[in-house]
Amino acid sequence: MMSRSYTNLFELASGDVPLPSSGFSRAPKKLSRVATVPGVLSELDDEGFSSDAPSSVVQERMIIVGNQLPIRVETRPDGSWAFSWDEDSLLLQLRDGLGEDVEILYVGSLKEEIDPKDQDDVAQHLLENFKCVPAFIPNELFTKFYHGFCKQHLWPLFHYMLPLSPDLGGRFDRSLWQAYVSVNKIFADKVMEVISPDDDFVWVHDYHLMVLPTFLRKRFNRVKLGFFLHSPFPSSEIYRTLPIRDELLRAFLNSDLIGFHTFDYARHFLSCCSRMLGLSYQSKRGYIGLEYYGRTVSIKILPVGIHLKQLRNVLDLPETESKVAELRDKFRGQTVLLGVDDMDIFKGISLKLLAFENLLTQHPEKRGKVVLVQIANPARGRGRDVLEVQSETHTTRERINRKFGRQGYEPVILIDNPLQFYERIAYYVVSECCLVTAVRDGMNLIPYEYIISRQSNTKLDETLRLNPSIPKKSMLVVSEFIGCSPSLSGAIRVNPWNIDAVAEAMDSALVVAEGEKQMRHEKHYRYVSTHDVAYWARSFWQDLERSCRDHVRRKCWGIGFGLGFRVIALDPDFRKLSIEHIVSAYKRTKKRAILLDYDGTMTQQNSISTSPNSEVIGIVNSLCRDPRNVVFIVSGKDRVTLTDWFSPCEKLCVAAEHGYFLRENKEAEWETCVVVPDFSWKQIAEPVMRLYTETTDGSTIEMKETGLVWNYQYADPDFGSCQAKELLDHLESVLANEPVTVKSGQNIVEVKPQGINKGIVADRLLTIMQERGMLPDFVLCVGDDRSDEDMFEAITRAVAGPSLSPVAEIFACTVGRKPSKARYFLEDPTEILRMLQGLAAVSEMHSLKT
């Protein structure tokens, strides 16, 4: 029987998904919508502006969403359910960093399947007693979602395993992807039931719920949303193999803040955004941000910590003391090396055993004195790969023990049955060195737990007969490929695939001087004890608040269908230009100034053929023939190209090379706006650009009369961007004493004389009209990139001056919804041409009448 949370995949694909019933017998404390019919929530329009009414609630609230609720579920003898907090859950532990004044609500699934007839009662009980909102997922759907898409596709790929054969992760299965989307939609519905969108913050966790931000952003354009990925994020070469790569990236970007454990993971994500979506990032005052349709998506890099209080409480337990005493006696006279890993293919347990075998082979004196205790936690997934890992691990252990074992000495002790937390802590306490040699792991907190455990306490010191006044010591051998490695600068870092190197690292850890061990331990302990889970949560929360600070003052539009949905966030005064409105203004005005950029405005930016077609020439000629108009084409192109392209337009004014050259009509001579004494600086800049062109495949140099442009549009995005930054610095250095400006733009680095920009063309146009006795009462200025912002600024500046009519109507319009000094926008060159066609039609009509 299907849960009421289940949504139809066909409705999901069409984007027309009905909201589910509440799932509660009574409305929770803070519903953002009104229950107009018992169990049914009233609908809100998904499109347009966010229509959420301001809430009067003062207390801040965080809705934490994870795959599983931090709840333990047990069945009582009478068949009823018993619920308790799962103290080991990260979602529960992070509340320590949010403060007592922040209300926390959890949304997630339960580990046990609840009968549909009991779901309402269970949901009500969990909400009232635990502030948890359960998402009930049918077992068949959950299997496809978790064991199917999450564990067969996402988890292997994010750990760098490509599905090269059916045995390695399996081929992409769209039915599993649909199950993944459906479950994410169920979670989104549960969040929607309880969220107060103007007040609440939402924090989504891990790869199970990567498309959830899209559903929430579509419903509430201004939702305050953070996402933290607890797994690695693969390099673009790996990630781009995923058939639904764009959908997942855009879903990520519907968050306000995205968190990663390490810079490597963040760097890979940013590289994917650059290569697949064409987005570039900027670092401002220590914060990394991606500009995405007017929204700044912030990137947070901070590894999670452990729950110190919980671990120290376990250290104080009498059970821990007893277990430590037992292990002390068991391993008396032996040195313990400890490994604690999940039994899965990425933890490298077999490689670790092979390295230990190598150690005993190369150092016979350590036989009988060194023991490797390997604790193998049950795997979270299931499948043939898990069985293969288990089989290989047991086979390797047995071979090593047969080879080196003797009476009273077992070299490898494999513990693959579940241990209590205090038992694991006891093993940490008695171990001289901890080995964490996973071949790939998102974070791994085992080293942190080991360090705190080795700090021990007074009772355990007495149990181990240690002098409390002597500084504690510990040694770590960690893989380069785990998330905690960068923060453990005192650890011995190894490539887990290099068995010889790992064996050597084990030996080094054993022979390091006592003082060195103490210094390394102190360094690690200082970091781990100050960067705990509370510190991590508090830091993320603060950055999320900062990232959402501008939500209130921004206008938001939703665009796109399905998982391609995104929100445009713009200043309140920025609006789409109504063609009817501008045509009406055009009709009633008599002296018009028109400034038009060409590339990217009247033709597509990346079009193969960039010359104007007959439609563009016809529109321009119609506008130029109207005696009430002065029309300027303003381009960065050279004057030879523009002369050739617009030769049919006799009355057109043309500005070439960003306004350095001007021509008032076809018969006029080209003149210059700025006096440039000489261009000798080209002899310095050109060889530098040529050097970078030779070393950057796909880059070119555009030679202009007044400037030089290095274009890397067709180069590798990452390498091209890196080279552009180097070239910019290089040119600024060698041209420091020259009268030029060096600027970077979209896929270009340009050098041109100082004082040349499109703003001087706007000023010149107004001057020309004044000389002709025309005080403009209509100004249209259209452009698409940074260079056009100078035109917008000049026109805006002229409003208060004498060069415009006091009643002039100003239309500064950019192409696309993006931050701009223009007041208006149109979506693309097609809409620009449609608007200009409307104006040209008015002029044609006027010419027929006269």
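Small disclaimer: the values here were computed from a predicted structure and weren't measured.

Thoughts on the overall build of the protein
Phase 1 of the analysis: Summing up its helical and strand segments, the protein has 27 helices and 32 strands in all.
Phase 2 of the analysis: Overall, the C-alpha framework of the protein stretches about 110 × 70 × 50 Å when taken along its three principal axes.
Phase 3 of the analysis: In the protein, which comprises 850 residues, the share counted as buried stands at 56%.
Phase 4 of the analysis: A gap of 1 Å separates the mean positions of the 101 positive and 114 negative side-chain charges of the protein.

A short note on the pairing of strand S31 (residues 809–815)
Phase 1 of the analysis: Among the seven residues in S31, six count as buried, and that is most of the element.
Phase 2 of the analysis: As judged from the six bridges shared by strand S30 (residues 778–783) and S31, these two strands associate in the parallel manner. From the neighbouring strand, Leu780 faces S31, where its bridge partner is Phe811.
Phase 3 of the analysis: Taken together, S30, helix H26 (residues 786–798) and S31 form a β-α-β motif whose crossover is right-handed.
Phase 4 of the analysis: Pairing geometry for S31 and strand S32 (residues 824–826), over three bridges, is parallel. Bridged to Thr814 within S32 is Phe825.

Section: the pattern of salt bridges
Phase 1 of the analysis: Across all of its chains, the model carries 51 salt bridges by this definition.
Phase 2 of the analysis: The salt bridge involving Lys185 is made with Asp189; its shortest N-O contact spans 2.5 Å. One end of the pair is Lys185 and the other is Asp189, both in helix H5 (residues 174–194) and four residues apart, which spans about a single turn. Of the two residues, Lys185 and Asp189, both sit in the buried class.
Phase 3 of the analysis: Among the salt bridges present, the one from Arg454 reaches Glu432, with a minimum N-O distance of 3.9 Å. Here Glu432 lies in the loop between helix H14 (421–430) and strand S15 (433–436) and Arg454 lies in helix H15 (residues 446–455), a separation of 22 residues in the sequence. Assigned by exposure class, Arg454 and Glu432 land together as buried.
Phase 4 of the analysis: Several salt bridges converge on common partners, so that one network encompasses Glu432, Arg454, Lys473, Glu514 and Lys517.

Focus on the confidence of the model for the protein
Phase 1 of the analysis: This prediction gives the protein a mean pLDDT of 88; 92% of its residues lie at or above 70.
Phase 2 of the analysis: The least confident element of the protein is helix H1 (residues 9–14), whose mean pLDDT is 38; the most confident is strand S6 (residues 201–205), at 98.
Phase 3 of the analysis: Low confidence marks residues 1–57, where pLDDT is under 50. Its contacts with residues over four positions away, or in another chain, come to 115 contacts.

Some thoughts on the sheet that holds strand S1 (residues 61–68)
Phase 1 of the analysis: Across the sheet, which stays open at both edges, the nine strands sit in the order S5-S4-S1-S6-S7-S8-S11-S10-S9 with mixed pairing between neighbours. Looking at strand neighbours, the two that pair on one side only are strand S5 (132–134) and strand S9 (281–284), the edges of this open sheet. When strand polarity is set aside, the average angle formed by the axes of neighbouring strands in this sheet is 25 degrees.
Phase 2 of the analysis: Lying over the sheet, helix H3 (residues 119–130) contacts strand S4 (103–109) and S5, oriented at roughly 160 degrees with respect to S5.

With respect to the sheet that holds strand S28 (residues 740–745)
Two modes of strand pairing occur in sheets, parallel and antiparallel, and in both the strands are linked by backbone hydrogen bonds.
Phase 1 of the analysis: Taking strand neighbours across the sheet as the criterion, the four strands line up as S26-S27-S29-S28 in an open arrangement whose pairing is antiparallel. Strands with a single pairing partner mark the edges of an open sheet, and in this sheet they are strand S26 (700–703) and S28. Going across the sheet, the axis of each strand differs from the next one's by a mean of 15 degrees, ignoring polarity.
Phase 2 of the analysis: Note: strand S27 (residues 708–711) against strand S29 (residues 748–753), four bridges, orientation antiparallel. Counted as the bridge partner of Val709 is Glu750 from S29.
Phase 3 of the analysis: Lying over the sheet, helix H23 (residues 682–695) contacts S26, S27 and S29, oriented at roughly 10 degrees with respect to S27.

Details of the pairing of strand S8 (residues 257–260)
Consecutive side chains of a regular strand alternate in pointing toward one face of the sheet and then the other.
Phase 1 of the analysis: A two-sided burial pattern is seen for S8, the buried positions comprising Leu257 and Gly259 on one face and Ile258 and Phe260 on the other.
Phase 2 of the analysis: When strand S7 (residues 224–228) meets S8, the two strands line up parallel, connected through three bridges. When the bridges of S8 are listed, Gly226 appears paired with Leu257.

Considering the packing of H14 against H15
Phase 1 of the analysis: Packing of H14 against H15 leaves a shortest axis separation of 8 Å and a crossing angle of 70 degrees. As far as their axial angle goes, H15 and H14 are roughly perpendicular. Residues Phe421, Arg424, Ile425, Tyr428, Val429 and Val430 of H14 form the contact with H15, whose own contacting residues are Ile446, Glu449, Tyr450, Ser453 and Arg454.
Phase 2 of the analysis: Broken down by class, the residue content of the contact of H14 with H15 amounts to seven nonpolar, one polar and three charged.

Focus: the side chain of Gln374
Phase 1 of the analysis: Within the fold, Gln374 resides in strand S13 (residues 370–377).
Phase 2 of the analysis: For Gln374, a relative accessible area of 0% translates into the label buried.
Phase 3 of the analysis: Here Lys352 takes part through its side chain, which lies 3.0 Å from a polar atom of the side chain of Gln374.
Phase 4 of the analysis: Beyond its immediate sequence surroundings of up to four residues, Gln374 is in contact with Gly339, Val340, Asp341, Ile349, Lys352, Ile413, Leu414 and Ile415.

Remarks on the packing of helix H21 (residues 614–625) against helix H27 (residues 829–849)
Phase 1 of the analysis: Taken N-terminus to C-terminus, the directions of H21 and H27 make an angle of 45 degrees; their axes are 8 Å apart at the nearest point. One way to sum up the angle between H21 and H27 is to call them oblique. The way H21 lies across H27 gives a crossing that is left-handed. Touching Glu615, Val616, Ile619, Ser622, Leu623 and Arg625 of H21 are Leu833, Leu836, Gln837, Leu839, Ala840, Ser843 and Glu844, all from H27.
Phase 2 of the analysis: Per-class residue counts for the contact of H21 with H27 are seven nonpolar, three polar and three charged.

Details of the environment of Gly560
Phase 1 of the analysis: With respect to the helices and strands, Gly560 occurs in the loop between strand S18 (555–559) and strand S19 (566–570).
Phase 2 of the analysis: Sequence-wise, Gly560 and Lys218 are 342 residues apart; in three dimensions their C-alpha atoms are separated by 9.7 Å.

Some details on the packing of aromatic side chains
Phase 1 of the analysis: Tallied over the entire structure, the rule returns 37 aromatic pairs.
Phase 2 of the analysis: Ring geometry for Phe679 and Trp681: centres 6.3 Å apart, planes at 55 degrees, overall tilted.
Phase 3 of the analysis: We classify Phe679 as partly exposed; its relative accessible area is 27%.
Phase 4 of the analysis: You can call Trp681 buried: its relative accessible area is 1%.

Examining the nonpolar core
Soluble globular proteins tend to bury their nonpolar side chains together.
Phase 1 of the analysis: By size, the foremost hydrophobic cluster in this structure holds 105 residues, and its most contacted members are Leu110, Leu337 and Val373.
Phase 2 of the analysis: With seven residues, H14 is the single largest residue contributor to this core.
Phase 3 of the analysis: Among residues more than four places away in sequence, those in contact with Val373 are Phe331, Val336, Leu337, Leu338, Gly339, Ile413, Ile415 and Tyr427.
Phase 4 of the analysis: The next biggest cluster of nonpolar side chains, apart from the first, holds 75 residues, and it includes Ala179, Val202, Leu249 and Ile288.

Some details on helix H24 (residues 717–734)
Phase 1 of the analysis: With 18 residues, H24 ought to run about 26 Å at 1.5 Å a step, and its terminal C-alpha atoms sit 25 Å apart, in line with that.
Phase 2 of the analysis: Three or more residues of H24 are buried, namely Gly720, Gln723, Ala724, Leu727, Leu728 and Leu731. Projection of H24 onto a plane perpendicular to its axis shows the buried side chains occupying an angular sector of 145 degrees, all on one side.
Phase 3 of the analysis: Check the buried side of H24 and you find it contacts H23, S27, S28 and S29.
Phase 4 of the analysis: A distance of 3.1 Å separates the backbone nitrogen of Asp718 from a side-chain oxygen at the start of H24, and that oxygen is part of Asp716.

Cut-off values and rules
Within any chain, residue numbers begin from 1 and follow the written order of that chain's sequence. Local features in a predicted model are, by the rule used here, given only for residues with pLDDT of at least 70; side-chain atom pairs are given and counted only at 80 or more, and totals for whole chains, interfaces and linings are based on all residues. The side-chain numbers reported here are obtained from all heavy atoms of the structure, hydrogens and water having been left aside. Each helix corresponds to a stretch of at least 4 residues labelled H or I by DSSP, and each strand to a stretch of at least 2 residues labelled E; elements are numbered beginning at the N terminus. Here the term buried applies to any residue with accessible area under 20% of the maximum for its type, exposed to any over 50%, and partly exposed to those in between, with areas from a 1.4 Å probe on protein chains only. The charge count treats Lys and Arg as positive and Asp and Glu as negative. His and the chain ends do not count. Taken as the charge centre is NZ of Lys, CZ of Arg, CG of Asp or CD of Glu, depending on the residue. Here, any two strands with at least 2 DSSP bridges between them count as paired. When the strands point away from the viewer, a crossover counts as right-handed if the route from the first strand across the helix to the second turns clockwise. Salt bridges are counted wherever a side-chain nitrogen of Lys or Arg sits within 4 Å of a carboxyl oxygen of Asp or Glu. Known as pLDDT, the predictor's confidence for each residue is given on a scale from 0 to 100. Throughout, a residue-residue contact means that at least one pair of heavy atoms, one from each residue, lies within 4.5 Å. To get an axis, fit a line to the C-alpha atoms, keeping to the stretch in contact for a helix; angles then go from 0 to 180 degrees between the N-to-C directions. We call two directions roughly parallel when the angle between them is under 35 degrees, roughly antiparallel when it is over 145, roughly perpendicular when it lies between 65 and 115, and oblique otherwise. Ten residue types, Ala, Val, Leu, Ile, Met, Phe, Trp, Tyr, Cys and Pro, are classed as nonpolar, four, Asp, Glu, Lys and Arg, as charged, and the remainder, Gly among them, as polar. N or O atoms closer than or at 3.5 Å make up a polar contact, with two conditions inside protein: a donor-capable atom paired with an acceptor-capable one, and, for residues adjacent in sequence, both atoms drawn from side chains. Crossing handedness is defined as follows: a turn of the near helix away from the far one that is anticlockwise and smaller than a right angle gives a left-handed crossing, while the clockwise case is right-handed. Stacked, tilted and edge-to-face are the three classes applied to pairs of Phe, Tyr and Trp rings, where Trp contributes its six-membered ring and a pair requires centres within 6.5 Å; stacked means planes under 30 degrees apart, edge-to-face means over 60, and tilted covers the rest. Side-chain atoms within 4.5 Å link the members of a nonpolar core, which is a set of buried Ala, Val, Leu, Ile, Met, Phe, Trp, Tyr and Cys residues. An expected span of 1.5 Å times one less than the residue number is assigned to each helix. By definition, the arc is the one covered by directions from the helix axis to the C-beta atoms.

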